[in-house]
Amino acid sequence: MTSKKLQNLIDAGCDEKTITGVENCKSVKDELRLLEKHRAALLDRSHEVNRQIACLDYLVYHLEKESKSK
């Protein structure tokens, strides 16, 4: 594996298991499958963080509204 490809995997947040899996793939199709799996996991995490931010924004909104009415 080239150092550029390894660095890209690291920058993409791939763990050692994923990197080793990509290194051991016998075909590009298998590599793409692993990378898509990692991408889906990142997207799930992103959605969860966005949901948490929305909950926090909702709480802040209500606290600000409550403090203004006092």
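It should be noted that the structure appears before, not after, this text.
We now turn to the structure provided with this report.

**Looking at the nonpolar core**
Residues Leu9, Cys14, Ile19, Val22, Cys25 and Leu34 constitute the largest nonpolar core, which totals six residues. The contacts of Ile19, once residues within four sequence positions are left out, are Met1, Leu6, Leu9, Ile10 and Cys14.

**Regarding the pattern of salt bridges**
If you walk through the whole model with that rule in mind, you get two salt bridges. With a closest N to O distance of 2.9 Å, Glu48 and Arg51 form a salt bridge. Taken together, the residues Glu48 and Arg51, both in helix α3 (residues 28–68) and three residues apart, mark about one turn of the helix.

**Quick word on helix α2 (residues 16–23)**
For α2, the full list of buried residues reads Thr18, Ile19 and Val22. End-on, the buried residues of α2 take up no more than an arc of 100°, which puts them together on one face. Exposed side of α2, more than 90 degrees from the buried face: Glu16 and Lys17 are the residues found there. Residues of α2 that are buried make contact with α1 (3–11) and α3.

**Structural notes on the environment of Lys65**
One can find Lys65 in helix α3. When the C-alpha positions of Lys65 and His38 are compared, they lie 41 Å apart, and in sequence the two are 27 residues distant.

**So, the environment of Leu34**
Along the polypeptide, Leu34 turns up in helix α3. On the basis of relative accessible area, Leu34 is assigned to the buried category, the value being 19%. Along the primary structure Leu34 and Thr18 are separated by 16 residues, whereas in three dimensions their C-alpha atoms are 7.3 Å apart.

Cut-offs applied
- Residues numbered from 1 in each chain as written.
- Predicted model: local features only at pLDDT ≥ 70, side-chain atom pairs only at ≥ 80, totals over all residues.
- Heavy atoms only, no water.
- Core = buried A, V, L, I, M, F, W, Y, C linked by side-chain atoms within 4.5 Å.
- Buried < 20%, exposed > 50% of the residue type's maximum accessible area, 1.4 Å probe, protein only.
- Contact = heavy atoms within 4.5 Å.
- Salt bridge = Lys/Arg side-chain N within 4 Å of Asp/Glu carboxyl O.
- Helix = DSSP H or I, 4+ residues; strand = E, 2+ residues; numbered from the N terminus.
- Arc of directions from axis to C-beta.

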